Amino acid sequence: KEGAAPGDVGFDPLKLRTWSPTSMAGLLPPQRVWMEEAELKHSRFAMMVVLYDIVDEILTGNPVVEDTEYIFHRIDAKLLRPEYWTFQSDSIDMGSPLDVLA
């Protein structure tokens, strides 16, 4: 389309493209949409994080999953517990990874 932003195919049923929080009014020039600006900033940050992970793996030889072993193994232990799938808030906790084996 002529005059459309890159990646804009016209699908915005919730009209989020033009949404702007009232507390942010006046911080951006009128021709720049707040939601587009936020999306650009978040995507650029995400790309830098992925690049950091790649460089870290190349330089150290350790996969990122092993460098953050505590986080990933705790998530696995939580998901393997049957209580997690009952959706009862009082039974959902991180628990110990050894609890899964018990």
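Residues numbered from 1 in each chain as written. Predicted model: local features only at pLDDT ≥ 70, side-chain atom pairs only at ≥ 80, totals over all residues. Heavy atoms only, no water.

Caption draft 1: Structural view of the packing of aromatic side chains. Under the criterion given, the structure shown has 1 aromatic pair. Here the aromatic rings of Trp 19 and Trp 34 are separated by 5.5 Å at their centres, their planes lie at 75°, and the arrangement is edge-to-face. On the criterion of sequence distance, the pair formed by Trp 19 in the segment before α1 (34–60) and Trp 34 in helix α1 is long-range, its members being 15 residues apart. By relative accessible area, which is 23% here, Trp 34 ends up partly exposed. (Phe/Tyr/Trp six-rings, centres within 6.5 Å; stacked < 30°, edge-to-face > 60°. Helix = DSSP H or I, 4+ residues; strand = E, 2+ residues; numbered from the N terminus. Buried < 20%, exposed > 50% of the residue type's maximum accessible area, 1.4 Å probe, protein only.)

Caption draft 2: Up close: the side chain of Glu 37. Assignment of secondary structure puts Glu 37 in helix α1. Dropping the residues within four chain positions of it, Glu 37 is found in contact with Leu 28 and Arg 32. (Contact = heavy atoms within 4.5 Å.)

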